[in-house]
Amino acid sequence: MQNGSLKEAGDGYRPPFDADEFRRLGHAMVDFIAEYQQSLGTGSLPVRSQASPGYLAPRLPGAAPEQPEGLPAILEDVQRHILPGMTHWQSPSFFAWFPANTSPPSLVADMLCSALGVIGFSWVSSPAATELEAIVLDWLGQLLRLPPSFLSPQGGTGVIQSTASEATLVALLSAKARAMEGRPEEDALKLCAYCSDQAHSSVRKACMVAGITRLRALPTSPEHLHALQPEAIEAAVQADLAEGLLPCFACATIGTTNSCAVDPLPAIGQLALRHSLWLHVDAAYAGTFGLLPELSSHFEGLELADSFDTNPHKGLLTNFDCSTMWFREGRARWARQALSLTPEYLRHHANDLDYKDLQVPLGRKFRALKLWFVMRMYGAEGLRAYLRNRLECQRVFEELLAADSRFLVAEGTAPRFGLVCFRLAGATRQQSEVVLEAVNASGTAFLVGTLMDGQHTIRMAIGSATVLPRHIREAWAAIQAAADEVLGPVATSNGAENGLAH
Ligand SMILES: *Cc1c(COP(=O)(O)O)cnc(C)c1O
């Protein structure tokens, strides 16, 4: 202290929670979390919350406390009032939507991220945050066997977005910047974008935000397993060109949300090249299966894409948020053209590694840390083993399904990437919904339904970090019990056990 008056001014305030106190709090919290994790597999917590809307307010005070409270009191309230209102996404019996799995390596890294607490929008704001991000995206890009033109040695650029929705928006804004170069502003009203009717709703939202009113969501069919047909895009592009419009962007999906359909990249890529469309590949869920050489056929043609995105926060053991996006060589400059803005207070060492120029917000977490921890602590082998376990669980589920004549794999879908879409043979939509609700109300497992070709379809999306074949069998028993209630028991004794012998 060089200055007595400064010292005096600070004397009245004692910041609570010194490092020793933090150590105590942290240990208590880790113990609490570990106990929660142990309870997840035991069936003591219903997977889907059984709470009713508005359940919480009557249980909690109407105002924040005036006096500080201790952690034990808060954890007791978490146990009594919060956990009953949780849907347990980390349960091994969570099969709804797509997974959002996490893992101890990711959790401890996220703790470090929060503790370092940097906002790494530019290189100088925390050089390691920027440089590690570039390195781990090259690591992951190699593991996913991305074309070399997406990796930094060959001029590609990786960036971690918060969500796949933001990645799609950034890709669309880049496409717009490229298409509009040298054109009068009013031409922006003529821009057209293309995707399939199975593309994620975030494509439409990106168009809403980017001011692109002409999104052609092209119909798909069960005959082609709901994959986008290049002829459909070609016809739509020709029609738009004939009207004097400006086709600029196509979004292809590897692993659609409804059924994990895979759009044919080689043909769509050629078409995009011919018509100068920016091709973005949305592989939010399924992209991490690029780690498995046996599934590489789904990723053929990726070298023709301009940008690619997948969510380690869905299927690669890295907790939300972590959506990894890559630009092919030379393409990131269009993102910068669309998004770079440098006010005086950020004008330090503006350089190519300022990630603020490749995303919509300014602030960003040091998300590379958790991906780095996950890749190091699992190793590529551990990550592949985890993905293959999900495929094995999928195979077990398919066998169980095939052995019960009341069920079938939904027509127009193919089980893949851990997702099985199935139906009750000959059941009405209402019967199917009743069966699904009975399973979810039982608390044993949680699945969601969708509509495909007008038919109610139940989705079994297998992705928990801790799922094992035994959880698949338990879920199947709950599904069969619900079907017994609604449709009556299966007619023959040729049931699941015989089927399993094959
Ligand atoms: C989940 C999903 C998205 C949205 O992901 P967010 O990260 O939540 O924005 C987009 N596309 C596909 C194919 C998805 O499965």
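Residues numbered from 1 in each chain as written. Predicted model: local features only at pLDDT ≥ 70, side-chain atom pairs only at ≥ 80, totals over all residues. Heavy atoms only, no water.

## A word on the site of the ligand
The test is simple: The nearness test applies per residue and asks whether one of its heavy atoms lies within 4 Å of the molecule or strand. Polar contacts here mean pairs of N or O atoms no more than 3.5 Å apart (in protein, one a potential hydrogen donor and the other a potential acceptor; neighbouring residues in sequence count only if both atoms are side-chain atoms). The residue classification treats Ala, Val, Leu, Ile, Met, Phe, Trp, Tyr, Cys and Pro as nonpolar and Asp, Glu, Lys and Arg as charged. All others, Gly included, are polar.
Ala164, Ser165, Asp282, Asn311 and Lys314 are the nearest of the 14 residues found near the ligand. One of the side-chain N or O atoms of Asn311 is found 2.9 Å from an oxygen atom in the ligand. For the ligand, an oxygen atom lies 3.4 Å from a polar atom in the side chain of His313. For the shell around the ligand, the per-class residue count stands at three nonpolar, nine polar and two charged.

## Some remarks on the environment of Leu112
Where we set the bar: A run of DSSP states H or I qualifies as a helix once it reaches four residues; a run of E qualifies as a strand once it reaches two. Both are numbered from the N-terminal end. Categorising residues by exposure relies on relative accessible area from a 1.4 Å probe, with only protein chains included: less than 20% of the type maximum marks a residue as buried, more than 50% marks it as exposed, and the intermediate range marks it as partly exposed. What makes two residues a contact is simply this: any of their non-hydrogen atoms within 4.5 Å.
The topology assignment puts Leu112 in helix 4 (residues 104-116). Note on Leu112: relative accessible area 35%, which makes it partly exposed. Along the chain, Leu112 and His313 lie 201 residues apart, while their C-alpha atoms are 17 Å from each other. Leaving out residues up to four positions away in the same chain, Leu112 has contacts with Leu369 and Phe373.

## Some remarks on helix 14 (residues 469-487)
Each turn of an α-helix holds 3.6 residues, which means side chains three or four residues apart point in the same direction. Here is the rule we go by: Given a helix with a known number of residues, its expected span is that number minus one, times 1.5 Å.
With 19 residues, helix 14 should cover 27 Å at 1.5 Å per step; its first-to-last C-alpha distance of 26 Å lies within 8% of that length. Those residues of helix 14 not exposed but buried are Pro469, His471, Ile472, Ala475, Trp476, Ala478, Ile479, Gln480, Ala482 and Ala483. Positive backbone phi, at 90°, marks Gly488, one or two positions downstream of helix 14.

## Examining the packing of aromatic side chains
Our working definition: Two aromatic rings from Phe, Tyr or Trp, using only the six-membered ring of Trp, form a pair when their centres are within 6.5 Å; if the ring planes differ by under 30 degrees the pair is stacked, by over 60 it is edge-to-face, and anything between is tilted. We count a charge as sitting over a ring when the NZ of a lysine or the CZ of an arginine lies within 6 Å of the ring centre and within 35 degrees of the ring normal.
Per the stated rule, a full pass over the model turns up 15 aromatic pairs. Aromatic side chains Trp97 and Phe446 sit 5.3 Å apart centroid to centroid with 90° between the ring planes, which places their arrangement in the edge-to-face category. Of the two residues, Trp97 is situated in the loop between helix 3 (71-82) and helix 4 and Phe446 in the loop between helix 13 (429-442) and strand 10 (448-452); the sequence distance between them amounts to 349 residues. Using a relative accessible area of 6% as the deciding quantity, one classes Phe446 as buried. One aromatic cluster is present, formed by Trp89, Phe94, Trp97 and Phe446 through successive ring pairs. Geometry around Trp334 places Arg333 over its ring, the cationic atom sitting 4.1 Å from the centre. Directly above the ring of Trp372 sits Arg376, whose terminal nitrogen or CZ lies 4.9 Å from the centroid.

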